[in-house]
Amino acid sequence: MIGERPKGIRSHLPVAYPALMLGIFFIIPFGIMVAISFFHRQPGGFYIPGFEFTNYKNLYTALFGRTLSFSLFVAGLSAAVCVSLAFPFTYFITRMRRRTQVIWLVFLMSVLSLSEVIIGFAWSLLLSRTAGISNLMVWLGLMEQPKAWYPGFAALLFGICYLAFPYTVLVLYPPLSRLDPALPEASQTLGASPLRTFFGVIVGSMRNAIVAAFVMVFVFTLGVYLLPQILGRPQHWTLSVLITDQAIYQTNMPMAASMAIFFMFVSLLLVALTMVIGKGKKIKTQ
Amino acid sequence: MAGLTLEDIHKNFGSVVAAREVNLKLPHGRFVCFLGPSGCGKTTLLRLIAGLESPTQGHILLDGEHITWTPAHKRNFGMVFQSLALFPHLSVGENVTYSLRVRHVKKSTQQKRAAELLDLVQLSGFEDRHISQLSGGQRQRVAIARALAIDPLLFLLDEPLSALDAKLRESMQLELRLLQQRLGVTTILVTHDQREAMTMADMVVVMGPDNRVRQVGTPLDIYRQPSDTFVADFIGSSNLLQGSCMGAREIKIGDQHLEVAEMPAGVSDGTSVTVSVRPEDISVLPGAEKRDNCLHGTVSFIRDVGSNVEIYLNCKGLQIISQSTPKGRPDVKPGDEGTAILPPASCIVLKS
């Protein structure tokens, strides 16, 4: 934080409005969800106020455990894929001329304007047997006959990465564009090859930005719930799909609430763990 | 004694020319300063030597061997950058031994070398500190130690002292010069500060705004015998008087005549020339005295900074600045008449 701590009520006023909005639209609904997760479910679609742990006890099923770990696995893997692709990509963009950088950024922003629904259906079409890219490959003589590349795990992972890649670039862009161009040059004059310079100095000095981008994509992809249904098979459905199913189709609100809260705590735990690992060894102070 | 040779170096960035027709021979073990105003191409020249840029034309040779196309990481030079470029994610010790780690030097040797180098730059015991915990001067020393870790063939410095405050800069100049003399490493320093160049260099390369090398020589040679008006004006302060040649040893300035000791070759009667006289060579006498080689005028301003006194004399529209010690200060005050005496030996004639 820069500058002095604000003094008195008046200097705190500017945060009042966002704080109010945050309270109304985030904290109160979250509180309601926490309360519902302890309510008693009445078969037939309603719940009555109460305080019981039944909904949390009911989470202890093989399906929930499997889906939870699969969701975390998919989110972690897509975050890893996105960051490892986006980091070198963003680095090379930031080394380009200003105009070229702007063109690339505008292009990425335009991808952001596509919603999960459009991306999901577009890729389901492009990966299909009847109208997909494989037909193009056949036409080019690279394949014998058209093939369906979806639904499946690879298609799901591809879709999620396509969705999250522009965000990853936008998170990495500011710190990478501020990177002192003399740093890689210094590494070279000290005898490091370009490859060693990239991993030793550029990746090394950007470790915080990389961890931040990883956490951002991880959290972002945890919430994906349309793509698994469009591009994946039922065994690829993530916890978000399961929660939606409980809330809307099974009309079991208390169960959905307890799932969501448990999911949130596990994710927060993992994010905290990532941050700790990302910080790495502490250099002795003093 | 081959040293570093630059042959007919040109460098263009698109349509912008950064260096033109540079031919230099830099002998071993010397401290060389590239001096010039900003945008004259001195940093580009250093980057060409370091291998961070490639010349558009020309060759670079080190001890007779071509290194024009050798990549930077195979040249074994040490470089200190203007921004210092210390690695923020590494400790002081790790920064200093980076070049040794890259070369897979044994860990025990690395530690020994780090201790030696930090001792050399007076930062013993700072191995485990974080870069952000150091002051500007300490960072400077770390950058110097890091560049010297492999005993570089050439030690290159790109305006490394420009970010320091005046006092620290002066003491670092002295320290750097002593360090270079102790190690005997061939050093090239880029600077726009002529005082810095005069303090440290054995040899100064003055570059002009046209991206050419204007003069190469020892600091005193360049100060005493500037090759053209740009060098005379850029190095120290100088009185530059426009005039025309009248006979073998005489220059006409306005309606006054000046005798000079030497005339450059290729100057004949009527050629317009510039006379350069250093302020400390001009003495001022009170009143309008009749002397040889003098200009009469009125005192317009006196700058007395304690250690020296500068007297500004307005001689019929021509401004003459004289510098003297407080003890030798003439008894004049602004508005008084005065006579400036310009000894013939101090009047350097330059072709305009």
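Quick caveat: nothing in here was measured; it's all calculated off a predicted structure. (Residues numbered from 1 in each chain as written. Chains lettered and ligands numbered in written order. Predicted model: local features only at pLDDT ≥ 70, side-chain atom pairs only at ≥ 80, totals over all residues.)

Q: Go over the domain arrangement of chain B, please, and point to the residues and values.
A: All names here are of chain B. Each assigned domain of chain B is listed with its residue range as follows: domain 1 (4–231) and domain 2 (237–351). Domain 1 and domain 2 are separated by 39 Å when their C-alpha centres are compared. Contacts between domain 1 and domain 2 engage 4 residues on the former and 5 residues on the latter. Residue composition of the side of domain 1 that touches domain 2, by class: 1 nonpolar, 2 polar and 1 charged. (Domains from an automatic or database assignment. Contact = placed C-beta atoms within 7 Å. Nonpolar A, V, L, I, M, F, W, Y, C, P; charged D, E, K, R; others polar.)

Q: Run through the sheet that holds strand β2 (residues 16–26) of chain B, naming residues and quoting values.
A: By way of backbone hydrogen bonds, the strands of a sheet pair with one another, either parallel or antiparallel. Residues and elements named next belong to chain B. Spatially, the 4 strands line up as an open sheet ordered β2-β1-β4-β5, and their pairing is antiparallel. Single-partner strands in this sheet number two, and they are β2 and β5 (65–66). As paired strands, strand β1 (residues 4–13) and strand β4 (residues 57–62) are joined by 5 bridges and run antiparallel to one another. In the sheet register, His 10 faces β4, and the bridge partner there is Gln 57. (Pairing = 2+ DSSP bridges. Helix = DSSP H or I, 4+ residues; strand = E, 2+ residues; numbered from the N terminus.)

Q: Tell me about the interface of chain A and chain B, residues and numbers included.
A: Listed by partner, the interface residues are 19 residues for chain A and 20 residues for chain B. Ranked by residues supplied to the side of chain A that touches chain B, first place goes to helix α9 (residues 182–189) of chain A with 6 residues.

Q: Help me get a handle on the confidence of the model for chain A, residues and values and all.
A: Fine structural detail should not be taken from predicted coordinates in areas where pLDDT scores are low. Residue and element names in this part refer to chain A. Across chain A, the average pLDDT comes to 87, with 95% of residues at 70 or higher. Mean pLDDT across the elements of chain A ranges from a minimum in helix α1 (residues 8–12), with 77, to a maximum in α9, with 94. Taken as a whole, residues 281–286 scores under 50 in pLDDT and shows 5 contacts with residues more than four places along the chain or in a different chain. (pLDDT = per-residue confidence, 0-100.)

Q: Can you explain the sheet that holds strand β6 (residues 78–80) of chain B? Please cite residues and give values.
A: Residue and element names in this part refer to chain B. Read across the open sheet, the 6 strands follow the order β6-β7-β8-β3-β9-β10; overall the sheet is mixed. The sheet is open, and its two borders are formed by β6 and β10 (213–217), each paired with just one other strand. Neighbour to neighbour, the strand axes of the sheet diverge by 15 degrees on average, direction disregarded. Across 4 bridges, the pairing between strand β7 (residues 155–158) and strand β8 (residues 187–191) is parallel. Note on β8: the bridge partner recorded for Leu 157 is Leu 189. (Axes fitted to C-alpha atoms, helices over the stretch in contact; angles between N-to-C directions.)

Q: Provide a residue-level description of the pairing of strand β12 (residues 250–253) of chain B, including the pertinent values.
A: Residue and element names in this part refer to chain B. Burial along β12 is one-sided: Ile 251 and Ile 253 are buried, and none of Glu 250 and Lys 252, which face the opposite way, are. Sheet topology places strand β11 (residues 239–245) next to β12; 2 bridges connect them, and they run antiparallel. Bridge assignment links Cys 245 to a residue of β12, and that residue is Ile 251. A loop of 4 residues connects β11 with β12, the two strands running antiparallel in sequence, and Gly 247 in this loop sits at a positive phi of about 80 degrees. Direction of pairing for β12 relative to strand β13 (residues 256–259): antiparallel, over a ladder of 4 bridges. Its bridge partner being in β13, Lys 252 is matched across the sheet by His 257. (Buried ≥ 20, exposed ≤ 12 C-beta atoms within 10 Å, placed from the backbone.)

Q: How would you sum up the pairing of β10(B)? Please name residues and give values.
A: Two faces, one strand: in a regular strand the side chains alternate between the faces of the sheet. Residues and elements named next belong to chain B. With 4 bridges joining them, strand β9 (residues 203–207) and β10 adopt antiparallel strand pairing. Opposite Val 205, over in β10, you have Val 216 as the bridge partner. Counting the residues that bridge the hairpin from β9 to β10 gives 5 residues, and of these Asn 211 lies at a positive phi of roughly 65 degrees.

Q: Which residues make up the environment of B:Arg214, and what values do they have?
A: All names here are of chain B. Checked against the element boundaries, Arg 214 lands in strand β10. Of the residues examined, Arg 214 has 20 C-beta atoms within 10 Å and is grouped as buried. Taking the C-alpha atoms as reference points, Arg 214 and Cys 33, separated by 181 residues in sequence, lie 13 Å from one another. Not counting the four nearest positions on each side in its chain, Arg 214 is found in contact with Val 206, Met 207, Gly 208, Ser 227, Asp 228, Phe 230 and Val 231.

Q: Which residues make up the nonpolar core, and what values go with them?
A: Core analysis: the biggest nonpolar cluster contains 101 residues, and B:Cys33, B:Ile49, B:Leu156, B:Val205 and B:Val275 have the highest contact counts within it. Sorting elements by how many residues they give to this core places helix α5 (residues 136–148) of chain B first, with 6 residues. The residues that make up this core include at least three from each of domain 1 (4–231) and domain 2 (237–351) of chain B. Beyond its immediate chain neighbours, meaning those up to four positions away, B:Val205 contacts B:Leu24, B:Val32, B:Cys33, B:Phe34, B:Leu35, B:Val213 and B:Val216. Residues A:Trp123, A:Leu156, A:Val217 and A:Leu222 belong to the second largest nonpolar core, which totals 35 residues. (Core = buried A, V, L, I, M, F, W, Y, C linked by C-beta atoms within 7 Å.)

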